[in-house]
Amino acid sequence: MRAKAQSPFNLKLLLVGIMLSVFLLFVLRSGLNSSLNPSDSRNVKTTNCSPTCTKIPPSLAQAVIHYTTSTITPQQTFKEISVTARALDKKSPCNFLIFGLGHDSLMWHSLNYGGRTIFLEEDEAWIEQIKRRFPMLESYHVTYDSKVNQANDLMEEGKGPECTAISDPKYSMCQLALKSMPSEVYEIKWDLIMVDAPTGYHEEAPGRMTAIYTAGMMARNREDGETDVFVHDVNRIVEDKYSKEFLCEGYMKKQEGRLRHFTIPSHWNNLNKPFCPSSLGTTP
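Structural notes, computed from the coordinates. From a predicted model like this one, the values you see are computed outputs, not experimental measurements.

Each value, and the rule that gives it
Residues numbered from 1 in each chain as written. Predicted model: local features only at pLDDT ≥ 70, side-chain atom pairs only at ≥ 80, totals over all residues. Heavy atoms only, no water. Disulfide = S-S within 2.5 Å. Helix = DSSP H or I, 4+ residues; strand = E, 2+ residues; numbered from the N terminus. Core = buried A, V, L, I, M, F, W, Y, C linked by side-chain atoms within 4.5 Å. Buried < 20%, exposed > 50% of the residue type's maximum accessible area, 1.4 Å probe, protein only. Contact = heavy atoms within 4.5 Å.

### A word on the state of the cysteines
Phase 1: Following the criterion strictly, the structure yields two disulfides and no others.
Phase 2: Here Cys-163 engages in a disulfide with Cys-174; their sulfurs sit 1.9 Å apart. Classification of the bridge connecting Cys-163 and Cys-174 rests on its S-S torsion, roughly 90 degrees, and on that basis the disulfide is right-handed. Of the two residues, Cys-163 is situated in helix H7 (residues 161-164) and Cys-174 in the loop between H7 and helix H8 (183-187); the sequence distance between them amounts to eleven residues.
Phase 3: Each sulfur in the disulfide pair Cys-248 and Cys-276 lies 1.8 Å from the other. Judged by the sign of its S-S torsion, about -75 degrees, the cystine formed by Cys-248 and Cys-276 is left-handed. Placement of Cys-248 in helix H10 (residues 237-248) and of Cys-276 in the segment after strand E7 (259-265) is noted, with a sequence separation of 28 residues between them.

### Describing the nonpolar core
Phase 1: With 45 residues, the main nonpolar core has Leu-97, Phe-99, Met-181 and Tyr-242 as its most contacted residues.
Phase 2: With eight residues, helix H9 (residues 209-221) is the largest single contributor of residues to this core.
Phase 3: Setting aside residues up to four positions removed in sequence, Met-181 forms contacts with Phe-99, Leu-120, Val-142, Tyr-186, Thr-214 and Met-218.
Phase 4: Listed in part, the 22 residues of the second largest apolar core include Val-83, Ala-87, Phe-119 and Leu-259.

Spelled out as structure tokens, the structure:
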């Protein structure tokens, strides 16, 4: 999820534009609330601005400044970011869980203004570095016991009854389930989950097998509703095969570049519901 040092002009414009759009939405909502709930004029301070003016929240201000001045941009492309941004726009403020902590984290935190965004990261030193720059980001260290070179064996195990039974991942008997995440991660009903970590580009890296599987099970195990799940780097074998197997091709809504978007419904009230739907419902 960490970015390479690159500076594509159109992506920077997108990030700045998104930040400004969030600010404008914030201002409009604040103005509407003020007009619908006028306070006693005797208690209103005299200022030089109009009755509906308001200051931009500090976190949004910092995001605008950061992405305007930074020469490092996220690895996701304009179109890939837009897929998640559209889904987030429909649900925010909401609960957004992200596997990975990177240069795009401040953007996702800001776009989910008023909601809760949690980042899970494998590198403790990197967490401390980001915290010093952006203390408002909520991030936690997570350890992974798997390795990319175990992906084929784990895939076969994942097809067994212990892994296809719907349950809380924290108490699952499946080897693919992540059981050592912070307790609140298991307790919160997540509206969006993005898998853009851990490291998965070499054989000894932890890979995203357990993150993808756990994201799918958390979505199925929620009491009601549905969860939007996004997987990045699906051009790689693990991300490609695991997202199709455990998030299901039939739940895939869209693929844009290296990003796949799945919408997974709750299985809570129908434990006999097939792990994956029988028909494919993908759209280009």
